[in-house]
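What follows is the residue order along each chain.
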Amino acid sequence: MFYKIIRPIARFIVWLLNGRTKIIDKDKLPEGSYVLVAPHRTWWEPIIFALAASPKEFSFMAKKELFKNPILGWILRHAHAFPVDRFNPGPSAIKTPVRTLKEGQLSLIMFPSGTRYSAELKGGAALIAKLAKVPLLPAVYQGPTTFKGFLKHQKVTIGFGDPIMVDRKLKLDEAGADQVNQQMEAAWQAIDQKIDPNFKYQPDQKKLDQEKAESKLK
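The rules behind the values
Residues numbered from 1 in each chain as written. Predicted model: local features only at pLDDT ≥ 70, side-chain atom pairs only at ≥ 80, totals over all residues. Heavy atoms only, no water. Core = buried A, V, L, I, M, F, W, Y, C linked by side-chain atoms within 4.5 Å. Buried < 20%, exposed > 50% of the residue type's maximum accessible area, 1.4 Å probe, protein only. Helix = DSSP H or I, 4+ residues; strand = E, 2+ residues; numbered from the N terminus. Contact = heavy atoms within 4.5 Å. Axes fitted to C-alpha atoms, helices over the stretch in contact; angles between N-to-C directions. Parallel < 35°, antiparallel > 145°, perpendicular 65-115°, else oblique. Left-handed = near helix turned anticlockwise from the far one by under 90°. Nonpolar A, V, L, I, M, F, W, Y, C, P; charged D, E, K, R; others polar. Pairing = 2+ DSSP bridges. Salt bridge = Lys/Arg side-chain N within 4 Å of Asp/Glu carboxyl O.

*Asks:* Can you tell me about the nonpolar core, naming the residues and giving the values?
*Replies:* L36, F49, F58, I109 and F160 are the most contacted members of the largest nonpolar core, which totals 28 residues. For this core, the elements supplying multiple residues, two or more each, are α1 (2-18), α2 (45-52), β3 (57-63), β6 (136-142) and β7 (157-160). Residues within four places of I109 in sequence aside, it is in contact with L36, P46, F49, A50, F58, S59, F60 and M61. By size, the runner-up hydrophobic cluster in this structure holds 26 residues, among which are I24, L136, V166 and V180.

Next comes the structure, spelled out in structure tokens:
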């Protein structure tokens, strides 16, 4: 119920701050549940993806530190988010989303690179999709990567690609995970080309260095 209440509020706020989001190939959204996978480019894009793919409702992974705040933690849980330790993810990081997807009410938004500034793909999304027997749905955000640019109504476009089914017989070892990762990357590149081939994502080097430093401390 909370999700249904907060979604129109979020849609209005996004429209107020940035204007109308352009959506390309929404007809490629699968029936039933799926794992929406995208390269992580901004902190607000999960909201944009969830709005673009509505009326489907989504579950999210969120770093466990956010749940320490009682108010924010309550909001996140009621918005279908669940806590994950970014540096030492336990079995629940796989079991929780798989169970949620199998229940069939929610889909899942994931960023396989792990952080906004990492180019290294991880195999969690493929494993979750395989165990839950749902497709991966490639999606791409093109638009401002700074909140200042977002407030200036710089154009935001969301594009969707063809669903990717993970073969149940595929062993998700290093080679198998790499095979699925290559499919995702190829799909993202194709969507980027379709939206705007001149778009270039430039990560914030200062924040990249900060995230690397944090990971070394763990």
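*Asks:* I'd like a rundown of the packing of helix α4 (residues 92-103) against helix α5 (residues 124-132), residues and numbers included.
*Replies:* Between α4 and α5, the shortest axis-to-axis distance is 9 Å and the interhelical angle comes to 40 degrees. Of the possible angle classes, the one that applies to α4 and α5 is oblique. Relative to α5, the crossing made by α4 is right-handed. Contacts from A93, I94, P97, V98, L101 and K102 of α4 reach α5 at G124, L127, I128, L131 and A132. Its residues placed into classes, the contact of α4 with α5 shows nine nonpolar, one polar and one charged.

*Asks:* Can you lay out the sheet that holds strand β5 (residues 106-110) for me, pointing to particular residues and giving the numbers?
*Replies:* Read from one edge to the other, the open sheet built from seven strands follows the order β1-β7-β6-β2-β5-β3-β4, with strand pairing classed as mixed. The open sheet is flanked by β1 (22-24) and β4 (81-84), the only strands paired with a single partner. On average, adjacent strands in this sheet sit at an angle of 25 degrees to one another, irrespective of strand direction. Where β3 and β4 come together, four bridges link them in parallel fashion. Opposite K63, over in β4, you have V84 as the bridge partner. Packed onto the sheet, helix α7 (residues 174-195) meets β1, β2 (35-37), β6 and β7 and runs at close to 40 degrees relative to β6.

*Asks:* Now, about the pairing of β5: what can you tell me, with residues and values included?
*Replies:* Among the five residues of β5, five are classified as buried, and the element is accordingly described as predominantly covered. Neither face of β5 is open: one carries L106, L108 and M110, the other S107 and I109, and all of them are buried. Pairing of β2 with β5 involves three bridges; the strand directions are parallel. In the strand pairing of β5, V35 is matched with L108. Of the strand pairs in this sheet, β3 and β5 are connected by four bridges, and their pairing is parallel.

*Asks:* Describe in detail the pattern of salt bridges, supporting the description with residues and values.
*Replies:* As enumerated under the stated definition, the model contains six salt bridges in all. In this structure, the salt-bridge partner of D192 is R41, at a minimum N-O distance of 2.7 Å. With D192 in helix α7 and R41 in the loop between β2 and α2, this residue pair connects regions lying 151 residues apart in the sequence. When its relative accessible area of 10% is taken as the criterion, R41 is described as buried. Salt bridges here are not isolated pairs; linked through shared partners, they connect D25, K28, D162 and K194.

*Asks:* So what about the environment of K171? Which residues, and what values?
*Replies:* Examined against the element boundaries, K171 turns out to sit in the loop between β7 and α7. The spatial distance from the C-alpha of K171 to the C-alpha of L127 is 9.6 Å, given a sequence separation of 44 residues. Ignoring sequence-local partners within four residues, the contact set of K171 consists of K130 and G176.

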